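Report on the structure
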Amino acid sequence: MIDRTEAEEHLRVIRSLMEKATVYRAVSAPGALVSGSCAVVLATAGLMGAPIGFLPGWLGVLAVTGVANLFLLWRDAQRRGEVFVSAGMRVALRAMLPGLIGGGLVSFVPSPAGEALIATLWVLFAGISFLAASHFAPKAICWLGRVHFGAAALLLAHGTFVSHWWAGMNQVTLAHGIMGATFGLFHLGYAACTWPRRGEP
Amino acid sequence: MIDFSKLDKTIHEKARLSIMTLLATRPAWAFQDLKAELAMSDGNLITHLRVLHEAGLVAVTKEVLDRPQTSYSLTAKGKTAFQEYLAVLEQIVRATQG
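Basis of the calculations
Going along each chain's sequence as written, the residues are numbered from 1 onward. Written order determines the labels here, with chains lettered from A and ligands numbered from 1. Local features in a predicted model are, by the rule used here, given only for residues with pLDDT of at least 70; side-chain atom pairs are given and counted only at 80 or more, and totals for whole chains, interfaces and linings are based on all residues. Excluding hydrogens and water, the side-chain figures rest on all heavy atoms present in the structure. Secondary structure elements follow DSSP: runs of H or I no shorter than four residues count as helices, runs of E no shorter than two count as strands, and numbering proceeds from the N terminus. When accessible area is computed with a 1.4 Å probe and restricted to protein chains, residues below 20% of their type maximum are described as buried, those above 50% as exposed, and intermediate ones as partly exposed. Whether two residues are in contact is decided by their heavy atoms: any pair within 4.5 Å suffices. Summed over both partners, the accessible area (1.4 Å probe) lost when two parts come together is defined as the buried area. Counted as salt bridges are all cases of a side-chain nitrogen of Lys or Arg within 4 Å of a carboxyl oxygen of Asp or Glu. In protein, a polar contact requires one atom able to donate a hydrogen and another able to accept it; more generally it is a pair of N or O atoms within 3.5 Å, and residues adjacent in sequence count only if both atoms are side-chain atoms. For a helix, the expected span equals 1.5 Å multiplied by the number of residues minus one. Among buried residues, the Ala, Val, Leu, Ile, Met, Phe, Trp, Tyr and Cys ones that are joined through side-chain atoms within 4.5 Å form a nonpolar core. Predictor confidence is given residue by residue as pLDDT, running from a minimum of 0 to a maximum of 100. Strands are treated as partners if at least two bridges between them are detected by DSSP. Patches were defined on residues exceeding 30% relative accessible area and lacking a salt bridge, with like-charge contacts within 9 Å and nonpolar side-chain contacts (Val, Leu, Ile, Met, Phe, Trp, Tyr) within 5 Å. Computed with the Shrake-Rupley method and a 1.4 Å probe, the accessible areas treat only the protein chains shown as cover for residues.

Focus on the overall build of chain B
Along its length, chain B carries 5 helices and 3 strands. Taken from N to C terminus, the helices and strands of chain B fall in the order α-α-β-α-α-β-β-α. Residues counted as buried form 44% of the 98 residues belonging to chain B. When contacts within chain B are restricted to residue pairs at least 6 apart in sequence, those whose partners lie at least 24 apart make up 54%.

So, the interface of chain A and chain B
Tallying the contact residues gives 26 residues for chain A and 37 residues for chain B. Surface buried jointly by chain A and chain B totals about 2,800 Å² across both partners, of which 61% is contributed by carbon and sulfur atoms. There are 1 salt bridge connecting chain A and chain B. A salt bridge links Glu9 of chain A to Lys14 of chain B; the nearest nitrogen and oxygen atoms lie 3.0 Å apart. The interface formed by chain A and chain B contains 3 residue pairs in polar contact (both at pLDDT 80 or more).

Describing helix H5 (residues 115-132) of chain A
A rise of 1.5 Å per residue sets the reference length of H5 of chain A, with its 18 residues, at 26 Å; its end C-alpha atoms lie 25 Å apart and thus fit the reference within 8%. If you follow the buried residues of H5 of chain A, they end up packed against helix H3 (54-80), helix H4 (87-107), helix H6 (139-162) and helix H7 (171-194) of chain A.

Here we look at the nonpolar core
Counting 34 residues, the largest nonpolar core has Met20, Leu23, Leu34, Leu38, Leu45 and Val58 of chain B as its most contacted members. By size, the runner-up hydrophobic cluster in this structure holds 24 residues, among which are Ala113, Ala116, Ile118 and Ala119 of chain A.

Here's the deal with the confidence of the model for chain A
For chain A, per-residue confidence averages 88 on the pLDDT scale, and residues scoring 70 or more make up 96% of the total. Averaged pLDDT values over the elements of chain A bottom out at 83 in helix H1 (residues 4-21) of chain A and peak at 95 in H5 of chain A.

A look at the sheet that holds strand S1 (residues 29-30) of chain B
All names here are of chain B. Pairing within the open sheet is antiparallel, and its 3 strands lie in the order S1-S3-S2. Each edge of the open sheet carries a strand with a single partner, namely S1 and strand S2 (58-64). Sheet analysis places S2 next to strand S3 (residues 68-74), joined by 7 bridges and oriented antiparallel. Among the inter-strand pairings, Lys62 is bridged to a residue of S3, identified as Thr70.

A look at a nonpolar patch on the surface
Residues and elements named next belong to chain A. A cluster of nonpolar side chains, namely Leu93, Leu97, Leu100, Ile101 and Leu105, defines an oily patch on the protein surface of about 480 Å² accessible area. Considering the arrangement of structural elements, one finds Leu105 in helix H4. Given a relative accessible area of 58%, Leu105 falls into the exposed group.

Focus on the pattern of salt bridges
The final tally for this structure, using the stated rule, is 3 salt bridges over all chains. Measuring nitrogen to oxygen at the nearest pair gives 2.8 Å for the salt bridge that ties Lys35 of chain B to Asp42 of chain B. Of the residues examined, Asp42 of chain B reaches a relative accessible area of 25% and is grouped as partly exposed. Through salt bridges that share partners, Glu9 and Arg12 of chain A together with Lys14 of chain B make up one connected network.

Here we look at the confidence of the model for chain B
Confidence along chain B averages 87 in pLDDT terms, with 90% of residues attaining 70 or more. Listed scores for the predicted complex are pTM 0.68 and ipTM 0.79.

Shown next as structure tokens:
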């Protein structure tokens, strides 16, 4: 026989685990590895002076990483026997869409401060998107949002009040550097921290 | 009157209750996903899964996709047992309220 306290404790365990099981991981570790690697490769090429346009280059990275991430999420859903467009994915998309649209819109606004400001705003909106999913995302995604947001805030403050958007520097090279050092490295860090460990029974 | 006989002793152990709860949320769980979610050691998790499997509450599927993978799911008996277990817990809480 069990008493009320024990019954309540068991119900609490059940509830908390069921809530945890509904957590939706919008970015898988392999997806983050693809995103981070593409970003670091493009940023390195840009920093070394390769003739790659800032906008076409990074929209290319976005397309490759978007397709790769969707494929990996689909494969993961198949493996778990779930539908691809699950309730979790719909909630995640609804939460993240405003930040993603915001990032898309600033890409095409003529910027007096050049590409470095656009890159900084992309990082800011990426952070906002990840943070918007924090109520139902694993902790690692919240951290991904925090580091993007924090880095963008620091860059905005430095560019506005200290360096005047690094006046005199090549804006395209600088923007490539910002994207590689933030978006690229943060995604690689996320992949390293969340990579599934081996060891089947 | 609360029917305590429906309080399945196999499920009542906390680790096994946690496993049953997760298995009730999806059609199937890979071993690695269960392990990550419950933060249990391989040996501990395997032991509890074996007890649940031997009691007929959990089904095991072994397949080779890009690498060997073992998945676990609730059997029909497991689903019923879990629902009955939940119902008994709720009855206990309700009966002692006030």
